[in-house]
Amino acid sequence: KCDPKDPWTLRMGRQRLPVISEGRVWGLPPTEYYWYNFVPHFDGVMLDYQTKDVRAHWFLLQPLTWATIRDGVMTTDHMRELDDTWHYGFYSQFKTWAPHTVDFYFLGLSDFDDEREWPKPNLSEEKRSGTYDRYTIGSNWRGPIRKDDCGTLGYGFEAAYQFGHFSNNRIK
């Protein structure tokens, strides 16, 4: 970011996914990334756009892991990339109807290694090895209904649709 007033920010290299309001994370990765309670890190590119009413985040990231197999034993070591695995997507937040907030997102996770042995192979129900693609499209709506001396009564609604494939099985 060259100009502090510029709404665009580009980040490249090793990074974590940023946290947004209500403890939500831009494109929270699947629990497979939380091996041994380590915070997930990624190598990649993130592009952010932020104004008073809009926050948008695009990302293309390769997950990193501390886990490895050495002499047949699982151990932790320095971080290394999970080859052929990518986490990518778009997350947007609109406050144009303040105090109500609307989020829209598209998240993807792909593993192109059809012969993976570690951390775990992509096996179908028939135990057939293959690639993996999971996509999620969703929206979150939230805001206050009523405020008084006792506090705020609010609402929140989220819906998402997930699809893709796991080896030769469809994700529904």
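Attention here is on the structure that accompanies the text.

Reading the values: rules and limits
- Residues numbered from 1 in each chain as written.
- Predicted model: local features only at pLDDT ≥ 70, side-chain atom pairs only at ≥ 80, totals over all residues.
- Heavy atoms only, no water.
- Core = buried A, V, L, I, M, F, W, Y, C linked by side-chain atoms within 4.5 Å.
- Buried < 20%, exposed > 50% of the residue type's maximum accessible area, 1.4 Å probe, protein only.
- Helix = DSSP H or I, 4+ residues; strand = E, 2+ residues; numbered from the N terminus.
- Phe/Tyr/Trp six-rings, centres within 6.5 Å; stacked < 30°, edge-to-face > 60°.
- Salt bridge = Lys/Arg side-chain N within 4 Å of Asp/Glu carboxyl O.
- Polar contact = N/O pair within 3.5 Å; in protein donor to acceptor, adjacent residues only side chain to side chain.

### Let's talk about the nonpolar core
Counting residues in each nonpolar core, the largest one holds 7 residues, listed as Phe42, Met46, Phe59, Leu61, Tyr91, Tyr105 and Leu107. Broken down by secondary-structure element, the contributors of at least two residues to this core are strand 2 (42-50), strand 3 (54-70) and strand 6 (101-111).

### Digging into the packing of aromatic side chains
As enumerated under the stated definition, the model contains 10 aromatic pairs in all. Relative to tryptophan 58, the ring of tryptophan 8 lies with its centre 5.8 Å away and its plane at 20°, an arrangement referred to as stacked. With a gap of 50 residues between them, tryptophan 8 in strand 1 (residues 8-15) and tryptophan 58 in strand 3 connect regions that are remote in the sequence. What makes tryptophan 8 partly exposed here is its relative accessible area of 37%.

### Topic: unusual backbone geometry
For the bond running from alanine 98 to proline 99, omega is 10°, close enough to zero to count as cis. The topology assignment puts proline 99 in the loop between strand 5 (85-94) and strand 6.

### Considerations on the pattern of salt bridges
Following the criterion strictly, the structure yields 5 salt bridges and no others. A salt bridge links aspartate 48 to arginine 11; its shortest N-O distance comes to 3.2 Å. Of the two residues, aspartate 48 sits in strand 2 while arginine 11 sits in strand 1, which places them 37 residues apart along the sequence. A relative accessible area of 14% means that aspartate 48 is categorised as buried. Residue arginine 11 is classed as partly exposed on the basis of its relative accessible area of 29%.

### Here's the deal with the side chain of serine 139
Of note, serine 139 is situated in strand 7 (residues 132-148). Judged by its relative accessible area of 12%, serine 139 is buried. At 2.9 Å, the side chain of serine 139 and the backbone oxygen of aspartate 103 are in polar contact. For serine 139, the side chain forms a polar contact with the side chain of tryptophan 141, separated by 2.8 Å.

### Details of the environment of arginine 142
As for its position among the elements, arginine 142 is in strand 7. With 14 residues separating them along the chain, arginine 142 and glycine 156 place their C-alpha atoms 4.1 Å apart. In this structure the side chain of arginine 142 is engaged in a polar contact, spanning 2.7 Å, whose partner is the side chain of asparagine 140.

Geometric descriptors of this kind do not, in isolation, establish any biological role.
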